[in-house]
Amino acid sequence: MTVAGAGQVGATAAFVMALKGTADVVLVDVAEGIAQGKALDMMHARSVEQFPGSVIGSSNYAAGAGSDVVVITAGVPRKPGMTRDDLLTINGTIMRSVVEQAVAVSPDAVLLCVTNPLDVMTYLAWRVSGLPSSRVLGMGGVLDSARFAYFIARATGAALSDVDAVVLGAHGDTMVPLPRLSTVAGRPLTEVLSAEAVAAVVKSTVYGGAEVVSLLQSGSAFFAPGVSVAAMVAAIVGDTHETMSSCVLLDGQYGLSGVYLNVPAVLGRSGVIEVPEWGLTADELCALQDSASGVIDAVASLGLGG
Ligand code: APR
């Protein structure tokens, strides 16, 4: 597989996938030497850890020709005070160029987008690639759900393994954490915590990424994004048919069409196998549709036409 962008997220994802033996990885970056240097460092680590996956680095997409999966993390991350949407123009240009080059050499790949603003960039990748929507998806919901699970475990004192958390919607401030459908040892979160405590956990989740950005001062989160990418790639290459909150093209589900948004999707070897429609309350549906409207507006500003 190819990981485009050998920065913080791309390198972390590549390293986790190599450690777990998920796939052999070709890291590609426009900045000469970064991908090669990080790949070499990982291969040095292989002598100690004896892990199965290999990583090579290149500045040329041809090195990853014939990839089954192309992960796209190329782009500029957020700085303190920037929203994900501030990244729209600059990362849009990068996304177009990466997709064109990667798909030219790996026409049968599943594209997994990570670059922000995620939902808009995934739509752009789909349009630029000309691939069926089942083969173009994005990583946002897995990360947001992971953050929700962390904050739920912290607030309840429950074991993380007992927490099942789900976040839908745009990967941004309008994301839609679903307390009703999130559980602690099988019990709905709404039965386990007070309404105030649930609201606090939801707020921490929504601003979890921004909190990391403000603490780091330069760059944005990469450990949790990196492992979230690796988990999605494992589901794809392993053809597991796991349901993950993934940024996928909606086709009538939740009253939405033609927009990429994080919703539960079944993942497998061919990418998105199915996008089942979960039963949501009127409030949840409304929040999801509001979240979609921001993505629709941002996509319109790209001027891609119908
Ligand atoms: N082709 C390939 N790589 C590129 C290109 C390009 N056209 N343009 C930039 N890059 C590379 C940069 O050289 C850099 O190494 O993308 C990498 C981005 O890495 P970081 O700056 O460390 O950013 P990172 O934290 O990994 O985030 C990448 O993922 O989570 C999102 O918001 C985040 O959009 C950002 C992306």
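Quantities reported herein were computed from a predicted structural model and do not represent experimental measurements.

What counts, and at which threshold
Residues numbered from 1 in each chain as written. Predicted model: local features only at pLDDT ≥ 70, side-chain atom pairs only at ≥ 80, totals over all residues. Heavy atoms only, no water. Helix = DSSP H or I, 4+ residues; strand = E, 2+ residues; numbered from the N terminus. Buried < 20%, exposed > 50% of the residue type's maximum accessible area, 1.4 Å probe, protein only. Contact = heavy atoms within 4.5 Å. Pairing = 2+ DSSP bridges. Domains from an automatic or database assignment. Buried area = accessible area lost by both parts, 1.4 Å probe. Salt bridge = Lys/Arg side-chain N within 4 Å of Asp/Glu carboxyl O. Phe/Tyr/Trp six-rings, centres within 6.5 Å; stacked < 30°, edge-to-face > 60°.

## Some details on the environment of L88
Its place among the elements puts L88 in helix 3 (residues 88–105). On the basis of relative accessible area, L88 is assigned to the buried category, the value being 11%. For L88 and M121, which are 33 residues apart along the polypeptide, the C-alpha to C-alpha distance reads 7.9 Å. Dropping the residues within four chain positions of it, L88 is found in contact with P117, V120, M121, A298, S301 and L302.

## Regarding the pairing of strand 4 (residues 69–72)
Of the two faces of strand 4, the one lined by V69 and V71 and the one lined by V70 and I72 are each fully buried. Sheet topology note: the strand 1 (residues 2–4)/strand 4 ladder contains 3 bridges and is parallel. Bridged to V3 within strand 4 is V71. For strand 4 and strand 5 (residues 110–113), the ladder comprises 4 bridges, and the chain directions are parallel. Each bridged residue has a counterpart across the sheet, and for I72 the counterpart in strand 5 is C113.

## Brief notes about the domain arrangement of the chain
Structurally, the chain comprises domain 1 (2–138) and domain 2 (141–301). Its C-alpha centre places domain 1 at a distance of 21 Å from the equivalent point of domain 2. Each partner contributes residues to the interface: domain 1 has 32 residues there, and domain 2 has 42 residues. Interface area, domain 1 with domain 2, both sides summed: about 3100 Å², of which 71% is carbon and sulfur.

## Focus: the pattern of salt bridges
With the rule as written, the count across this model stands at 2 salt bridges. Between R269 and D68 there is a salt bridge, with the nearest N and O atoms lying 3.2 Å from each other. Note that R269 is positioned in the loop between strand 13 (257–268) and strand 14 (271–274) and D68 in the loop between strand 3 (55–58) and strand 4, a separation of 201 residues in sequence. E284 is the partner of R180 in a salt bridge, and the nearest nitrogen-oxygen pair spans 2.8 Å. Taken together, the residues span a long stretch of sequence, with R180 in the loop between strand 9 (176–177) and strand 10 (183–184) and E284 in helix 10 (residues 282–301) at a distance of 104 residues.

## Concerning the packing of aromatic side chains
Here the structure, examined in full by the defined rule, presents 6 aromatic pairs. Note on Y150 and F151: the rings are 5.0 Å apart at their centroids and 65° apart in plane angle, and the pair reads as edge-to-face. For F151, a relative accessible area of 9% puts it in the buried group. Measuring from ring centre to ring centre gives 4.6 Å for F222 and F223, while their planes differ by 40°; the resulting arrangement is tilted. Its relative accessible area of 60% is what places F223 among the exposed residues.

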